[in-house]
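Observations on the three-dimensional arrangement
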Amino acid sequence: MADRPRVVIIGAGIVGCALADELTSRGWNDVTVLEQGSLFAAGGSSSHAPGLVFQTNASKTMTEFAAYTVAKYRELSLDGRPCFSRVGGLEVATTPERWLDLHRKHGWATSWGVESELVGPARCAELWPLLDASLVHGGFHVPSDGLADAVRCGEAQARRAAGRGARFLPGHRVVAVERRGGRVTGVTAEVSEGGTAGGAPTGRVTVPADVVVCAAGFWGPAVGELAGLTVPLLPLAHQYARSGPLPALAGSRGARAVRDLARDGNGAGEGAGAGWPILRHQDRDLYFRRHGDRVGVGSYAHRPMPVRQDEIAARATTMPSVQAFTSADFEPAWRDAAELMPVLGESKPEEGINGIFSFTPDGFPLIGEAPELAGFWVAEAVWVTHSAGVARALAEWLVDGRSTFDLHECELNRFEEVQLAPAYVAERGGQNFAEVYDIVHPLQPMESPRPVRTSPFHPRQRELGAFFLEGAGWERPHWFEANAALLDDLVRHEPGAGTIVGAEARDTWASRYWSPIAAAEAWATRNRAALYDMTPLKRIEVAGPGAAAFLQRMTTNNVDRPPGAVAYTLLLDAGGGIRSDLTVARLGEERFQVGANGNLDLAWLRRHAPPEGVSVRDVTAGTCCVGVWGPSARDLLQPLTDLDLSNGAFPYFTLKSGYVGQVPVTMMRLSYVGELGWEVYATADVGARLWDLLWEAGREHGLAAAGRAAFNSLRLEKGYRLWGVDMTPEHRPQEAGLGWAVRMGKDFVGRGALGGRTLRRLVPLLTERVVMGREPVFHEGRAAGHVTSAAYGHTLRRAIAYAWLPAGAAVPGTAVEVEYFGRRVPAEVAAEPLFDPDMSRIKR
């Protein structure tokens, strides 16, 4: 691809315009933006969006997208008028539960660097005088939130891009994506008369391109289909209406300004919000903004209203994103709005719309390159709130090869194949709509569709009373009710059993999706043996004569070892950021098994594999894995297998193939819980038999089935990192404590970016209470970092939290505080590993 490639962007909504601006500002000036409608109210979601920009999100990345969007749009103007109004954002609580949750949200804002404050009912009423303050427990106020006029923001960015050479062509509906040799070569568009969606077709034109970006909004699935790509988003109609004129607002500065602007009121000119913050009433799934002497009300309280692609395509109008307002669906929302603001009871909804926008199965945007068509990229399911941030992220990725944002939550290729099924996308997308303002626990799973993916051990786990959560479509046991008796024995016979369980270190929130049985399972793992279902771990086969050289080039550690060796290693991006951590097991001269974190790793390896000599294949579905861990693991397994499991014959980080009973297995001497043991792999068809053999043999050794709750506790005691939580592409190996997995004496992707001073570190904290993750950490009275993972260490009898801190504060013995729901919890930086520092238990 040329240094300055030809780029086609499909869609001139706010995302397409922002991307054109970001690309041309970086010197990629050969940019053509094709829009099927008119410029710049093109008929997509941007055209009707009410423009509220609330920055704070549980996701650090989504918050950073929004913060960049605010920073950029504050500086935009069009024809002498601003495109963004910094009116602030206010979220009110009308229940004790929501008030607590706003304390949690204030913690996120502090963690991610967004200035915010918690305010009382009186202050809420000062900020929004129409509120009935007697209903309000308090509010969360972010002064830098505000209103963006999406159409004008788009046009202002488009003008800047055009000034650098970009072209914007209205009335160009893309009907084909051209390709050759697995790479995009351009697009063909149908041109309409007059440059509008409703104009008569006048012909077709092919626009050559090296890079094509689909920024078509809710038309994304239809455009993706042209490229052979599934774009997993669901268009849904969402209700928004304005009140009639309110006497309480008449004559105000904002009302006069809006009349003077003589505009449609969607915008964010100086008078549009009249200085009143944008407002959320999430206890009733509502949000509000001022339109001069009126109030706009948006609702997520109604039933999900999915819209099919063919239903959108059939609407040849100037505003296909707007459907007829269904007033009956809005009536309950209006009553709830009038309860919070009694003045609304004197009016009724006017100018209502059912406006279409996009939801994905997990609520995050879709950013990245199609796995089967090089050069075809997407920036989809992006709201106005995050538009400039997403555009910058993608522009950085295209121009520099990586983004300065951590994109792992948003990358297009994160979904498993089962999660791309239309029925799955529709059901999860609808649930995300219904829950968008709900108080969601970090462990809370979607309830449907389930079960989707189960291991061969699932029937046995159900017999043992497994409590399942879900991840990547897999049912994953978190504890087993059958171990309640083991907990009873522990409490009766173990001195200080209460401190082992750690229930007193948990509040109600931290006790959700947790059971004290997890303590018994952790105790069994440390003292006897336990079975852990590791089947959901992504397994990738890399094979061929070039496999060793390919993996050696892609990863940081030395993986070109003799057959039978296993290595822990990292995938880095071009900037040295940690894309993943892997175990690479050499099964033969030309065959490796890679233990990966998910589909992103599969896509990354496939994208970088040479065209010949290397095959990359996902083998997860046809295989299974059980971890057999604990001091009795060798005694349990040895009578069942033909392999010599002695320490001398089968050392740590090696593998052997053989049999367990009648079951062909590959056994790897690895442990993610810090105990002696093996990961035992087999094909899925014999998985149930493998479990039964192990279970029966384990009876005399006190074997227990154990779940993810115990697993997480044990791995934190040992200091084992969880990629995507403890470390992401924004972190480098040395600061994450993984410099030992990097061999600077060889060449690998990202090597040239390593080095330099370490300014921050990932360190363990011993805390007085169990926290949940993402909380801010204070050092010497100032916010200094944030928590990643947290659990109760049942062996240490202490609550543990891992956190990122400045290097100067990341010293063992340093006193810090974790802010948890507004309370400061004392903590201390500890030396790691917290458990078994000499590795004597795991290597015996």
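Further up the page is the structure itself.
Note that the structure is a prediction, hence the values are computed from the model and not measured.

Reading the values: rules and limits
Residues numbered from 1 in each chain as written. Predicted model: local features only at pLDDT ≥ 70, side-chain atom pairs only at ≥ 80, totals over all residues. Heavy atoms only, no water. Pairing = 2+ DSSP bridges. Helix = DSSP H or I, 4+ residues; strand = E, 2+ residues; numbered from the N terminus. Axes fitted to C-alpha atoms, helices over the stretch in contact; angles between N-to-C directions. Contact = heavy atoms within 4.5 Å. Phe/Tyr/Trp six-rings, centres within 6.5 Å; stacked < 30°, edge-to-face > 60°. Buried < 20%, exposed > 50% of the residue type's maximum accessible area, 1.4 Å probe, protein only. Expected span 1.5 Å × (residues − 1). Salt bridge = Lys/Arg side-chain N within 4 Å of Asp/Glu carboxyl O. Core = buried A, V, L, I, M, F, W, Y, C linked by side-chain atoms within 4.5 Å. Parallel < 35°, antiparallel > 145°, perpendicular 65-115°, else oblique. Nonpolar A, V, L, I, M, F, W, Y, C, P; charged D, E, K, R; others polar.

1. A closer look at the sheet that holds strand 37 (residues 760-767)
As summarised here, the arrangement of the six strands in space is 37-40-39-38-41-42, forming a closed barrel in which the pairing is antiparallel. The mean angle between the axes of side-by-side strands here comes to 40 degrees, regardless of whether they run parallel or antiparallel. Relative to strand 42 (residues 823-829), strand 37 runs antiparallel, the two being bridged by three bridges. Its bridge partner lying in strand 42, Thr-767 is registered against Ala-827. Running over the sheet, helix 4 (residues 96-112) touches strand 38 (776-779), strand 39 (782-793) and strand 41 (815-820) and is turned about 60 degrees from strand 38.

2. What about the packing of aromatic side chains?
According to the stated counting rule, one finds 30 aromatic pairs in the structure shown. Pairing Tyr-287 with Tyr-300 gives two aromatic rings, centres 6.1 Å apart and planes at 50 degrees, and the pair type is tilted. With Tyr-287 in strand 18 (residues 286-291) and Tyr-300 in the loop between strand 19 (294-299) and helix 9 (309-313), this pair connects stretches of sequence that are 13 residues apart. Each member of the pair, Tyr-287 together with Tyr-300, is buried. A ring pair is formed by Phe-467 and Trp-479, whose centres lie 4.4 Å apart and whose planes are at 5 degrees; its orientation type is stacked. One end of the pair, Phe-467, is in strand 24 (residues 466-471); the other, Trp-479, is in strand 25 (residues 474-480), and twelve residues separate them in sequence.

3. A look at helix 11 (residues 387-400)
Given 3.6 residues to a turn, an α-helix orients residues that are three or four positions apart in the same direction. Over its 14 residues, helix 11 runs 20 Å from end to end, which matches the ideal 20 Å to within 8%, given 1.5 Å per residue. Within helix 11, eleven of the 14 residues are buried, which leaves the element mostly enclosed by the surrounding structure. Those residues of helix 11 that sit buried are Ser-387, Ala-388, Gly-389, Val-390, Ala-391, Ala-393, Leu-394, Ala-395, Glu-396, Trp-397 and Leu-398. Those residues of helix 11 that are buried lie in contact with helix 1 (14-25), helix 3 (60-74), strand 15 (211-214), strand 22 (366-369) and strand 23 (376-380). Once helix 11 ends, the next one or two residues include Gly-401, with phi positive near 90 degrees.

4. Description of the pairing of strand 13 (residues 183-192)
Here strand 13 lies mainly inside the structure; seven of its ten residues are buried. Judged from the eight bridges that link them, strand 12 (residues 172-180) and strand 13 form a sheet pairing that is antiparallel. Bridging across to strand 13, Arg-173 finds its partner in Glu-190. Remark: two residues form the turn of the hairpin made by strand 12 and strand 13, two consecutive strands paired antiparallel; Gly-181 in that turn has positive phi of roughly 60 degrees. By the bridge criterion, seven bridges tie strand 13 to strand 14 (residues 201-208) in an arrangement that is antiparallel. Note on strand 14: the bridge partner recorded for Val-187 is Val-207.

5. Remarks on the sheet that holds strand 6 (residues 84-85)
With respect to topology, three strands assemble into an open sheet ordered 3-10-6, the strand pairing being antiparallel. In this open sheet, the two strands that pair with only one neighbour each are strand 3 (52-53) and strand 6. With two bridges connecting them, strand 6 and strand 10 (residues 146-148) associate as antiparallel partners. Looking at the pairing, Phe-84 lines up with Ala-148 of strand 10.

6. Some remarks on the pattern of salt bridges
The full count for this structure, using the stated rule, is 54 salt bridges. With a shortest N-O distance of 2.8 Å, Asp-21 and Lys-72 are connected by a salt bridge. Remark: Lys-72 occurs in helix 3 and Asp-21 occurs in helix 1; sequence separation between them is 51 residues. Connected through shared salt-bridge partners, Asp-21, Glu-22, Arg-26, Lys-72, Arg-160, Arg-164, Arg-392 and Glu-396 make up one network.

7. Considering helix 16 (residues 517-527)
With respect to burial, helix 16 is a largely interior element, ten of its eleven residues being buried. The complete set of buried residues in helix 16 reads Ile-517, Ala-518, Ala-519, Ala-520, Glu-521, Ala-522, Trp-523, Ala-524, Thr-525 and Arg-526.

8. Quick look at the nonpolar core
Counting 51 residues, the largest nonpolar core has Ile-9, Leu-23, Phe-65, Tyr-73, Phe-168, Val-213 and Leu-394 as the members making the most contacts within it. Listed by contribution, the elements that provide at least two residues to this core are strand 1 (7-10), helix 1, strand 2 (31-34), helix 3, helix 6 (150-163), strand 15, strand 23 and helix 11. In this structure, Tyr-73 is in contact with Ile-14, Ala-18, Phe-84, Ala-148, Cys-153, Gln-157, Val-384, Ser-387 and Ala-388, ignoring residues within four places of it in sequence. One finds Val-187, Ala-216, Phe-218 and Trp-219 within the second-largest nonpolar core, a separate group that totals 33 residues.

9. Some words on the packing of helix 3 against helix 11
Each pair of packed helices can be summarised by the angle the axes make with each other and by the distance between the axes. The interhelical angle for the contact between helix 3 and helix 11, taken along N-to-C directions, is 105 degrees, at an axis separation of 6 Å. Between helix 3 and helix 11, the angle falls in the class roughly perpendicular. Residues Phe-65, Tyr-68, Thr-69, Lys-72 and Tyr-73 of helix 3 lie in contact with helix 11, whose contacting residues are Ser-387, Ala-388, Gly-389, Val-390, Arg-392 and Ala-393. Of the residues belonging to the contact of helix 3 with helix 11, the class tally is six nonpolar, three polar and two charged.

10. Structural notes on the pairing of strand 27 (residues 538-543)
For a regular strand, the rule is simple: side chains alternate between the two faces of the sheet. Counting buried positions along strand 27 gives six out of six residues, so the element sits mostly inside the fold. Across the two faces of strand 27 the burial is the same, with Lys-538, Ile-540 and Val-542 and Arg-539, Glu-541 and Ala-543 all buried. Bridge analysis of strand 27 against strand 30 (residues 591-596) gives six bridges, and the strand direction is antiparallel. Residue pairing in the sheet places Arg-539 in a bridge with Gly-595 of strand 30. Taken together, the four bridges between strand 27 and strand 31 (residues 615-618) define a ladder with antiparallel strand orientation. From the neighbouring strand, Glu-541 faces strand 31, where its bridge partner is Arg-617.

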